Amino acid sequence: MRRTVSDSYAEINRQILELADAYRYEPWRVRIIDMQRASVQFPNPPVAIVPKCSNTDINYFTLVMQANGFTFTTSELTSIGSLSHKLTSPYGIEQSDPDGDTSSLIVSYDGNPIPDFGSIQLREIMGKPSAYYFPYKDTRSGQPLSFYLIVNPYENCAFRCKYCSRLPYFKTPAPSIQENIQLIISNILAVVQDPDEVKFINIITGSFPNPEQEMTFLKEVITAFNKAGFVESEFGVYTSQIYSRHLFEQLRDLGVIFFTVTLEATSSDARSRLHARRNPKRARSFEQTLDTISVAEDVFPFVSTTMMLGYEQADEVKRNLGRLAKETRSTVNHYIPRVWLPGQLDLLHPSATNLKYFVDLFNFIERNVNVGRMTSNQLFEERFLIPRFAMRYRS
Ligand code: SF4
């Protein structure tokens, strides 16, 4: 059994106060960064708090939590069906009143209650990536808002990136894509009053072995939704296979308006370390990714760059992101990778074993790279007149 972080209770509290002061963050915000890098754990079998845990599809959970009104995600390390999980976290999450509200929580560190949060709640538990969901919720009722839909019709991936949060689920055979698309569409038609309510469909999915197959798949998904009456919808894609302008233009002509580039790390060394040897093509250079972002910005109104932290030295990240800020209009959505497996913990750069590393990079990206720029998400929310009470789960 290995702990994800080694700091004692007294030591981590000292670090949190010191970093909060040095970087002008509230201590509870630094605590959230620590809970994300350390993962969290249910110390007791979570039957009451996790009604879905009887689902054998679920091996690892992503928890969507809200602390002091701020929503964040973290990984949960209890492996249902096999409590002999190999990683353990000092952070424990328990229901504050076993007979009451299942979402109201107590957080502890090595068994010591954490008093940092005025309120902390569990909003959602996600296991195997869902085939579809509505990410925006009404903050008052908690009901999903149907204008923004995420679909995930391909439950496999030609790549096997070592950090991938879907890795534990790739072993099961993927169902037929056409059948999956039709099943997803009929399920969505059963929950929305009218397909016109859906204004944006983000296609998040694993990658196909080559750009031709990836394009065929994306066209199939978009065509199927259009045929089923979702004619008011525009589309977004996450893809690790499509880089060229002519394919971007084909996607735009199909109705794609939002393109997301995932930047796992900025240096070639780190990028090749993150990908399985059988997929060397996945390890594109940082320069190639900068080109992709620039071309995508020419073609699509919204381009988002997603960066994972922890795989290389902070100075290297800062140098390269400084270049990205100069050469593109992109802002960076940064997050701490969710770690479930010991091998994923071992991928982190040796310098990323301390909390200061992550707080320093959060600070740099928020106050140096993104400062003065509207994020694609903000622009997108303006364009779609997303109501202020809508809440989106973010990493
Ligand atoms: S391309 Fe994406 S889905 Fe596929 S293995 Fe890598 S991170 Fe996972």
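Keep in mind it's a predicted model, so treat the numbers as computed, not measured. (Residues numbered from 1 in each chain as written. Predicted model: local features only at pLDDT ≥ 70, side-chain atom pairs only at ≥ 80, totals over all residues.)

J.: Would you mind showing me how to read the site of the ligand here?
T.: The ligand sits among C157, F159, R160, C161, C164, R166, G206, S207 and S240. Here the residues of the shell around the ligand are counted per class, giving four nonpolar, three polar and two charged. (Near = placed C-beta within 6 Å. Nonpolar A, V, L, I, M, F, W, Y, C, P; charged D, E, K, R; others polar.)

J.: How should I be thinking about helix 4 (residues 211-227) in this particular structure?
T.: For an α-helix, 3.6 residues make a turn, and residues three or four places apart therefore share a direction. With 17 residues, helix 4 extends 24 Å between its outermost C-alpha atoms, agreeing within 8% with the 24 Å of an ideal straight helix rising 1.5 Å per residue. Among all positions of helix 4, only E214, F217, L218, V221, I222 and F225 are buried. For helix 4, the angular spread of buried residues about the axis comes to 125°, placing them on one side. Residues of helix 4 that are exposed and point over 90 degrees away from its buried face: E212, T216, T223 and K227. On its buried face, helix 4 is in contact with strand 11 (148-151), helix 3 (177-191), strand 12 (200-203), strand 13 (234-238) and helix 5 (245-253). Looking one or two residues past helix 4, G229 carries a phi angle of roughly 105°, positive in sign. (Helix = DSSP H or I, 4+ residues; strand = E, 2+ residues; numbered from the N terminus. Expected span 1.5 Å × (residues − 1). Buried ≥ 20, exposed ≤ 12 C-beta atoms within 10 Å, placed from the backbone. Arc of directions from axis to C-beta. Contact = placed C-beta atoms within 7 Å.)

J.: Please clarify how the packing of helix 3 against helix 4 should be interpreted in this entry.
T.: Geometry of a packed helix pair, given as the angle between the helix axes and the separation of the axes. Direction vectors running N to C along helix 3 and helix 4 enclose 30°, while the axes themselves pass 10 Å from each other. Between helix 3 and helix 4, the crossing angle belongs to the class labelled roughly parallel. With respect to the hand of their crossing, helix 3 and helix 4 are arranged in right-handed fashion. Here I177, I181 and I185 of helix 3 come into contact with helix 4, specifically with F217, E220, V221, A224 and F225. Of the residues contributing to the contact of helix 3 with helix 4, the split by class is seven nonpolar, no polar and one charged. (Axes fitted to C-alpha atoms, helices over the stretch in contact; angles between N-to-C directions. Parallel < 35°, antiparallel > 145°, perpendicular 65-115°, else oblique. Left-handed = near helix turned anticlockwise from the far one by under 90°.)

J.: Help me out: how do you make sense of the pairing of strand 11 in this one?
T.: Remark: a regular strand shows side chains that alternate across the two faces of the sheet. Here strand 9 (residues 132-133) pairs with strand 11 via two bridges, running antiparallel. From the neighbouring strand, Y133 faces strand 11, where its bridge partner is I150. (Pairing = 2+ DSSP bridges.)

J.: Quick question: what am I supposed to make of the environment of V221 here?
T.: The residue V221 is located in helix 4 in this model. For V221 and Q182, which are 39 residues apart along the polypeptide, the C-alpha to C-alpha distance reads 9.3 Å. Here V221 is in contact with V151, P153, I181 and I203, once residues within four sequence places are set aside.

J.: Looking at this model, I keep getting lost on the confidence of the model for the protein chain. Mind explaining?
T.: When pLDDT is low, close inspection of the predicted coordinates is not appropriate. Put simply, the protein chain has an average pLDDT of 85, and 85% of its residues get 70 or more. Across residues 51-56, where pLDDT falls below 50, the model places nine contacts with residues more than four positions away in sequence or in other chains. (pLDDT = per-residue confidence, 0-100.)

J.: Before we go on, may I ask you to explain the sheet that holds strand 3 (residues 70-76) in this structure?
T.: Across a sheet, paired strands are connected by hydrogen bonds in the backbone, their directions being either parallel or antiparallel. Strand order across the open sheet formed by three strands is 3-2-8, with antiparallel pairing between neighbours. What marks the edges here is a single partner per strand, and that holds for strand 3 and strand 8 (120-126). Recorded for the sheet is a direction-independent mean angle of 25° between the axes of neighbouring strands. With seven bridges connecting them, strand 2 (residues 61-67) and strand 3 associate as antiparallel partners. The residue bridging M65 from the neighbouring strand is F72, located in strand 3. Sheet strands in contact with helix 2 (residues 27-38) are strand 2 and strand 3, and its direction is about 25° off that of strand 3.

J.: Where do I start with the pairing of strand 6 (residues 105-109) in this structure?
T.: With burial as the criterion, only one face of strand 6 is covered, namely that bearing L105, V107 and Y109; the residues I106 and S108 on the opposite face remain uncovered. Direction of pairing for strand 5 (residues 91-95) relative to strand 6: antiparallel, over a ladder of five bridges. In the strand pairing of strand 6, E94 is matched with I106. The pairing of strand 6 with strand 7 (residues 112-113) spans two bridges and is classified as antiparallel. In the strand pairing of strand 7, S108 is matched with P113.

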